[in-house]
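Here is how the chains run, residue by residue.
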Amino acid sequence: LYEYILAIREDPTVDGVVICGTGRGFCSGADLSEFGTEPHVIQKRRIRLQVDLWEEIRKLPKPIAAAMHGFAIGSGLEMAMLCDFRFAVPGTKLSLPESQIGMIPAAGGTQSLPRLALQGTAIHFALGGQRILAEEGYKMNIISKIVEDKEVSKAAVNFMKGITAPNPQTARWIKSLEAHGMDTTVEQGVAR
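Residues numbered from 1 in each chain as written. Predicted model: local features only at pLDDT ≥ 70, side-chain atom pairs only at ≥ 80, totals over all residues. Heavy atoms only, no water.

(A) Molecular detail of the sheet that holds strand E5 (residues 93-95). In spatial order, the strands read E3-E5-E6; together these 3 strands make up an open sheet with mixed pairing. Edge positions in the sheet fall to strand E3 (71-73) and strand E6 (131-133), since each of these pairs with one other strand and no more. Going across the sheet, the axis of each strand differs from the next one's by a mean of 20°, ignoring polarity. Sheet analysis places E3 next to E5, joined by 3 bridges and oriented parallel. Across the sheet, Ala72 pairs through a bridge with Leu94, a residue of E5. Contacting E3 and E5, helix H5 (residues 75-82) crosses the sheet at an angle of about 95° to E3. (Pairing = 2+ DSSP bridges. Helix = DSSP H or I, 4+ residues; strand = E, 2+ residues; numbered from the N terminus. Axes fitted to C-alpha atoms, helices over the stretch in contact; angles between N-to-C directions. Contact = heavy atoms within 4.5 Å.)

(B) Summary view of the pattern of salt bridges. Per the counting criterion, the structure on display carries 6 salt bridges. For Glu55, the salt bridge identified is with Lys59, shortest N-O distance 3.5 Å. A residue is classified by how much of its surface remains accessible, and Glu55, at 28% relative accessible area, is partly exposed. Taking the shortest distance from any N to any O, the salt bridge between Lys175 and Asp84 comes out at 3.0 Å. Here Asp84 lies in the loop between H5 and strand E4 (85-88) and Lys175 lies in helix H10 (residues 168-181), a separation of 91 residues in the sequence. When its relative accessible area of 6% is taken as the criterion, Lys175 is described as buried. Members of the salt-bridge network, linked through shared partners, are Arg9, Glu10 and Glu56. (Salt bridge = Lys/Arg side-chain N within 4 Å of Asp/Glu carboxyl O. Buried < 20%, exposed > 50% of the residue type's maximum accessible area, 1.4 Å probe, protein only.)

This is the structure in C-alpha cells:
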C-alpha cells in the first residue's frame, strides 16, 4: 500500500483516490505479530518508523476516501480516519481495541480521532475499545456518509469524480493546503 500511495502521489493522471477492502471487510488492522517480542515500544514499531504509510496517506496531495464495509478495526479504522472522506455500508463495525490489549492507537488514531469527533467522545471511544456500527460512527463524525447500497466503492468513486472533475488542480491545492495546514498556525496556513 505504501508503494501504491507513493506512485499515486507522483502520477499526474490520478486526481483522487479511493481505498477499499475486498472480501469480508475494509481492514482488520495490524498483524500484531509484526511487533515481535521486543520489550521496548520503539523497537516493536521499527517497521512503521522506517515506512510511514500513515503520514503519506494524511499528506497525499490529492483527495482520498475510504470505502468501508464489514469492519474497520484498529489501524484499519485509523487508516480510514486519515483519509479525507469515509463512506460506509450500514452495519460496518468500527473499533479501536488497542487499549484493551495494553497498546495505543499508534497509526494516527490519537490525532485523527479528536479532529473528527468531539474530544470527550474521542477519548471515550479510544479508551473503551468498544465496537460501534457505522451509523453511530456517522453521528460521531467519524463516517462522512452512510451508503445504503452494497456498492460503497462505486459511490465513493463517483463522489471523488464529482469533486475532482471540475478542476483537478484546485482539488489538489485545497487538499494540500488543508493537509499541511494542520502542522502550522492559522496565520502560517493562510499565508501559504
